[in-house]
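Chain and residue survey
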Amino acid sequence: FIFNHSPIITLFPITSNIYLMILIILSSGCLPVESTSEYMAPVSMVSRSVVSVNLSLHEKWRISNLFIPHRDTSTIYSNGDFLFYVAHDNNGRTSWLSVIDTTSGSMLWKSDSLPFSENSLAVDERRLFLALSAKILAYDLFTGDVLWETQERLPDRTQYKMYAKDDHLIVYSAEDSAPENTMQIVRVYDSRSGILESIKSETISQDASYLLKTNTNDYWTDRTAIWSIDNQTKQQKWSMLIDGPVQYQPLLIGNKLVFASGIFSDVTAIDNDTGNQVWKYSERIISNLTMESGIIYAIREDAAVVAINLFTGEELGYITVTPGFTEESGSRVKSYLVAAANGMVFAYYGDSQELIAFSK
């Protein structure tokens, strides 16, 4: 299987060989909430203003009073027609999925409260798949109707990464099986019925976290390095030291693996075949990475939305906003998130609790 592929919300429809792992998080069931979050909404600061734009983009709409807490799994994602995110109330106890029309910014549908903490999301052409901490649910993408849910209770001390391919839902998780050992587990479901078709597990002898999987390679990190394993021979192809833990999901685009490392991150592109650095963008970013039409977008530490050339790492332009700051170095308690599709870029600022849509 190619785990990162088209359309998952993966959340996604993505172009072939673009691996944007998405992991947003939603639900549209009617179950009572069984767990609470420790996240509290920060005091919202003054609304941000767009000061200057040297990209072919302009503000189209924005949503205010939107709280998305800072988590490894927090994300917003667009498949072009829709924008997806999971919002929380101000005390962090209740969360729900929202599906937004990208043209107008209007709400298409909103789920009931999620019964467990959100974990990961994937999408195909008609279905939206949600991994909560203990189960997976499938929804009608256009109406939010629940189509099926897994009958078995899944382990809740791990993170799930899901990919929709053809009529399959491929679910990856990693669990500590022993000190310094990690068990990687792949479950394959029929995406139409939710029937579990297969489950495979394999132990790797190191304390590592899975990043990506393709037909040929597995990608891992242990907070100090990132490496590629040939998934046929199980031999390491290359390894590269990194400045800090990999943040959010890397992008695998053609022969380039692009990732941000460290809490206030540099962005690095490496050759997927050799592990050699291709370029490095040294301005600090504070968000995830997203890509559209060969351009990588992120939010810088100074709150600007920046556009980076995929092939050279050159800064192509930016959108400056005020106030021109995010968080002080060493502190990460707020979410800053980006998504892009079909000529639109979406930026979420956790401090002002605003989602701003920019359009060509």
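Not measured: the values here are computed from a predicted model. (Residues numbered from 1 in each chain as written. Predicted model: local features only at pLDDT ≥ 70, side-chain atom pairs only at ≥ 80, totals over all residues. Heavy atoms only, no water.)

Examining the pattern of salt bridges
Summed over all chains, the structure comprises 14 salt bridges. Two residues, D351 and R48, come together in a salt bridge whose shortest N-O distance is 2.4 Å. Taken as a pair, D351 in the loop between β29 (344-349) and β30 (354-359) and R48 in the loop between β1 (18-20) and β2 (49-53) lie far apart in primary sequence, 303 residues in all. Classification of D351 as buried rests on a relative accessible area of 2%. Judged by its relative accessible area of 1%, R48 is buried. The residue E315 makes a salt bridge to R300 at a minimum N-O spacing of 3.1 Å. Separated by 15 residues along the polypeptide, E315 in strand β27 (residues 315-322) and R300 in the loop between β25 (295-299) and β26 (305-309) bring together distant segments of the chain. The class for R300 is buried, based on a relative accessible area of 9%. Via salt bridges that share partners, D243, D266, K280 and R284 belong to a single interconnected network. (Salt bridge = Lys/Arg side-chain N within 4 Å of Asp/Glu carboxyl O. Helix = DSSP H or I, 4+ residues; strand = E, 2+ residues; numbered from the N terminus. Buried < 20%, exposed > 50% of the residue type's maximum accessible area, 1.4 Å probe, protein only.)

So, the nonpolar core
Across soluble globular proteins, nonpolar side chains show a tendency to be buried alongside one another. Counting residues in hydrophobic clusters, the biggest one holds 20 residues, and the most contacted among them are L57, Y297, I299, V305, I319, A347 and Y349. Those elements giving two or more residues to this core turn out to be β25, β26, β27, β28 (336-341), β29 and β30. Here L57 is in contact with Y297, I319, G343, V345, F358, S359 and K360, once residues within four sequence places are set aside. (Core = buried A, V, L, I, M, F, W, Y, C linked by side-chain atoms within 4.5 Å. Contact = heavy atoms within 4.5 Å.)

What to know about the sheet that holds strand β18 (residues 225-230)
In space, the four strands of this open sheet follow the order β16-β17-β18-β19, with antiparallel pairing throughout. With one partner strand each, in any of the chains shown, β16 (209-213) and β19 (236-241) form the two edges of the open sheet. The sheet shows a mean angle of 20 degrees between the axes of neighbouring strands, direction not considered. Note that β16 and strand β17 (residues 217-221) share four bridges and pair antiparallel. Across the sheet, residue L212 finds its bridge partner in β17, namely Y219. (Pairing = 2+ DSSP bridges. Axes fitted to C-alpha atoms, helices over the stretch in contact; angles between N-to-C directions.)

Quick look at the pairing of strand β9 (residues 127-132)
Summarising burial for β9: six of the six residues are buried, a large majority. Relative to β9, strand β8 (residues 118-123) is paired through five bridges, and the arrangement is antiparallel. When the sheet's bridge partners are listed, E118 is paired in β9 with L132. Following β8, the chain reverses through three residues before pairing antiparallel with β9. Here five bridges tie β9 to strand β10 (residues 136-140), and the two strands are oriented antiparallel to one another. Its bridge partner being in β10, L128 is matched across the sheet by Y139.

What about the sheet that holds β9?
Either a parallel or an antiparallel arrangement is found when strands of a sheet pair, and the pairing is made through backbone hydrogen bonds. As summarised here, the arrangement of the four strands in space is β8-β9-β10-β11, forming an open sheet in which the pairing is antiparallel. The two strands at the open ends of the sheet, each matched to only one other strand, are β8 and β11 (146-149). Taken pair by pair, the neighbouring strands of this sheet meet at an average axis angle of 20 degrees, ignoring direction.

Looking at the packing of aromatic side chains
Each aromatic ring pair is summarised here by two numbers: the centre-to-centre distance and the angle between the ring planes. Enumeration according to the criterion identifies seven aromatic pairs in this entry. For the ring pair Y336 and Y349, a centre distance of 6.3 Å and an interplane angle of 80 degrees mean the geometry is edge-to-face. On the criterion of sequence distance, the pair formed by Y336 in strand β28 and Y349 in strand β29 is long-range, its members being 13 residues apart. Pairwise contacts between aromatic rings join F82, F84 and F142 into one cluster. The ring centre of Y318 lies 5.4 Å from the NZ or CZ of R300, which sits over that ring. (Phe/Tyr/Trp six-rings, centres within 6.5 Å; stacked < 30°, edge-to-face > 60°. Lys NZ or Arg CZ within 6 Å of the ring centre and 35° of its normal.)

Structural notes on the confidence of the model for the protein
Of the residues in the protein, 85% have a pLDDT of 70 or more, and the chain-wide mean is 82. Counting interchain partners and residues more than four positions distant, the pLDDT-below-50 stretch residues 1-37 has 175 contacts. (pLDDT = per-residue confidence, 0-100.)

Regarding the environment of K234
Mapped onto the elements of the fold, K234 is located in the loop between β18 and β19. On the basis of relative accessibility, which here comes to 41%, the residue K234 falls in the partly exposed class. Measuring from C-alpha to C-alpha, the distance between K234 and N217 comes to 9.0 Å, with 17 residues separating the pair along the chain. If we ignore the near neighbours within four places in the chain, the residues touching K234 are E202 and I229. In terms of polar contacts, K234 uses its side chain to reach the backbone carbonyl oxygen of N231, at 3.1 Å. (Polar contact = N/O pair within 3.5 Å; in protein donor to acceptor, adjacent residues only side chain to side chain.)

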